[in-house]
Amino acid sequence: MIKKEVAHIRKQFKLDHDLMNIYDILNVYIMKESNEIYHWERLPFGMVDREKQELYMGNFKKLITGELDQKLFELKFQAEVEEPAQVMLHQALVTGDPDEWQDLMLLLVDRMMADTHYERDTVITFVRGQYYRPTKDRNDEAEESEKNELFAHPFILCSVNSTEKQRKALLFDYVEREFKYNVIVDPIVKLSTPEQGFFYPSVTDNYSDVNRILYCTGKSNFPDPHFIGEVLNAERSVTALEERAIFEDIVKEVAGEQLDATTIAQLYEEIHQVIETNDDKEEPPKLDYRDVERVLKVSGVEDVTTEKVERAFETIVDDKHYEMKASSVMPKFTTKSIKIETKVATISVSPQDLKYVKQVNYHGRRCILIEVDEDAVIEGFTLTTETL
């Protein structure tokens, strides 16, 4: 699954969209004290109040928003599992019986509650529906509409949302002309911040892939291992944060612990070029030991050999043929995603501007030197320029 496919699905979650149909919605309320189902209800989505539909659509869109390998993870199902979730999900996907779909989803809820204690009352929402995708790209000059030939993609989406108590408040009653104390005990379902969930099936080359599932987490780089392994019976995926750490360890193994800012900047520049050059391809670009060797050499790292890089891969990941996603091994290139932390200040800089930063020795003291094109202004005061 690539980001364009995720973006296409996300765009369909809006009301009155002719390329998206949601058939049924199932809400399950779990009490934190008993860790049991307190209430559940299933309704045809069309019978839900329009205001609620808008809230749900916002929740579904928020759930599948984020970067792949950070908040969204395409996972393979585990092999040789007793009562695999894949079979359950596939049966729920193809059944035309809403009651059977409901029962299968409630079985998934039982799995979610097993060996798990929720810190707050929690609502688990399931929907089943179908979205459509044109069989070919739109041609504005063609007489026929792109909607004349469509592929239907049935899907199941699950969103896990916690609740919170309403805040105490003082209200003014216009009719009685008096101040009143607001006493509302009904909890608020936090639909704007889903904690986790999934979208099944995943998509490969614009086709539904029933052998994979898109897992979604609300906290970047922190997928829930219990949900992935025990509920979905899926194989855990490496997060972007973990892959970046692997890359950094490999570079340190080859080049040493210390690098100057110019070399690091060039390193990121080369990886960015790999990403930009392969941006139009279906599969995200990856780096193997040969790519890392080339990038290190071009960046000015000395004494880089194939044997050194292979040995570093085997030392860090125990596999010299391991491949890393290029987009995962570096910070966001155009945003101030790099933090330079000192006891005096924390400086934020983008990888593309890292070449303007240096660490220098000035009168026996280490200093951060930043090249700027304009006068620096602090609290409205323009700094004077000193000549060293």
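The structure displayed is predicted, hence computed values, not measured ones.

A short note on the side chain of Ser 159
By secondary structure assignment, the location of Ser 159 is in strand β5 (residues 150–164). Overall, the relative accessible area of 0% leaves Ser 159 in the buried class. At 3.1 Å, the side chain of Ser 159 forms a polar contact with the side chain of Asn 59. In this structure the side chain of Ser 159 is engaged in a polar contact, spanning 2.7 Å, whose partner is the side chain of Asn 161. Those residues in contact with Ser 159 that sit more than four places away from it in its chain are Asn 59, Leu 63, Val 123, Ile 124, Thr 125, Pro 194, Gln 196 and Gly 197.

Examining the pattern of salt bridges
For the structure shown, the criterion picks out 12 salt bridges. Here Lys 325 ties to Asp 69 by a salt bridge, and the two come within 2.7 Å at their closest N and O atoms. Separated by 256 residues along the polypeptide, Lys 325 in strand β14 (residues 324–325) and Asp 69 in the loop between α2 (50–63) and β3 (72–76) bring together distant segments of the chain. Residues Lys 180 and Glu 178 are paired through a salt bridge, measuring 3.9 Å at the closest nitrogen-oxygen approach. The exposure class of Lys 180 is partly exposed, given its relative accessible area of 34%. Shared partners join several salt bridges into a network, and the residues in it are Asp 173, Glu 178 and Lys 180.

A word on the packing of aromatic side chains
Applying the stated criterion across every chain yields a total of 14 aromatic pairs. Ring centres of Phe 155 and Phe 199 lie 5.2 Å apart, and the angle between their planes is 15°; on these two criteria the pair is classed as stacked. Here Phe 155 is found in strand β5, whereas its partner Phe 199 is found in strand β9 (residues 196–200), with 44 residues between them in sequence. Overall, the relative accessible area of 1% leaves Phe 155 in the buried class. Exposure remark for Phe 199: the relative accessible area of 1% places this residue in the buried category. The ring of Trp 101 carries the charged tip of Arg 128 above its face, separated from the ring centre by 5.9 Å. Positioned over the ring face of Phe 222 is Lys 219, at 4.9 Å from the centre of the ring.

What about the domain arrangement of the protein?
For the protein, the assigned domains read domain 1 (3–135 + 147–162 + 191–236), domain 2 (241–329) and domain 3 (338–382). The C-alpha-based centres of domain 1 and domain 3 are spaced at 46 Å.

What about the packing of helix α3 (residues 85–94) against helix α4 (residues 98–113)?
Contact geometry for α3 and α4: axes closest at 9 Å, N-to-C directions at 155°. Judged by the inter-axis angle, α3 sits roughly antiparallel to α4. As for how α3 packs across α4, the hand of that crossing is left-handed. Between α3, through Ala 85, Met 88, Leu 89, Gln 91 and Ala 92, and α4, the contact on the second element is made entirely by Glu 100, Trp 101, Leu 104, Met 105, Leu 107, Leu 108 and Arg 111. Among the residues forming the contact of α3 with α4, the class breakdown is 9 nonpolar, 1 polar and 2 charged.

Focus: a nonpolar patch on the surface
On the surface, Leu 170, Phe 172, Tyr 174, Val 175 and Phe 179 cluster together into a nonpolar patch covering about 680 Å² of accessible area. When you line up the elements, Val 175 lands in the loop between β6 (169–173) and β7 (178–182). When its relative accessible area of 73% is taken as the criterion, Val 175 is described as exposed.

Conventions we followed
Residues numbered from 1 in each chain as written. Predicted model: local features only at pLDDT ≥ 70, side-chain atom pairs only at ≥ 80, totals over all residues. Heavy atoms only, no water. Helix = DSSP H or I, 4+ residues; strand = E, 2+ residues; numbered from the N terminus. Buried < 20%, exposed > 50% of the residue type's maximum accessible area, 1.4 Å probe, protein only. Polar contact = N/O pair within 3.5 Å; in protein donor to acceptor, adjacent residues only side chain to side chain. Contact = heavy atoms within 4.5 Å. Salt bridge = Lys/Arg side-chain N within 4 Å of Asp/Glu carboxyl O. Phe/Tyr/Trp six-rings, centres within 6.5 Å; stacked < 30°, edge-to-face > 60°. Lys NZ or Arg CZ within 6 Å of the ring centre and 35° of its normal. Domains from an automatic or database assignment. Axes fitted to C-alpha atoms, helices over the stretch in contact; angles between N-to-C directions. Parallel < 35°, antiparallel > 145°, perpendicular 65-115°, else oblique. Left-handed = near helix turned anticlockwise from the far one by under 90°. Nonpolar A, V, L, I, M, F, W, Y, C, P; charged D, E, K, R; others polar. Patch = residues over 30% accessible without salt bridge, like charges linked within 9 Å, V, L, I, M, F, W, Y side chains within 5 Å. Areas by Shrake-Rupley, 256 points an atom, 1.4 Å probe, with all protein chains shown as cover.

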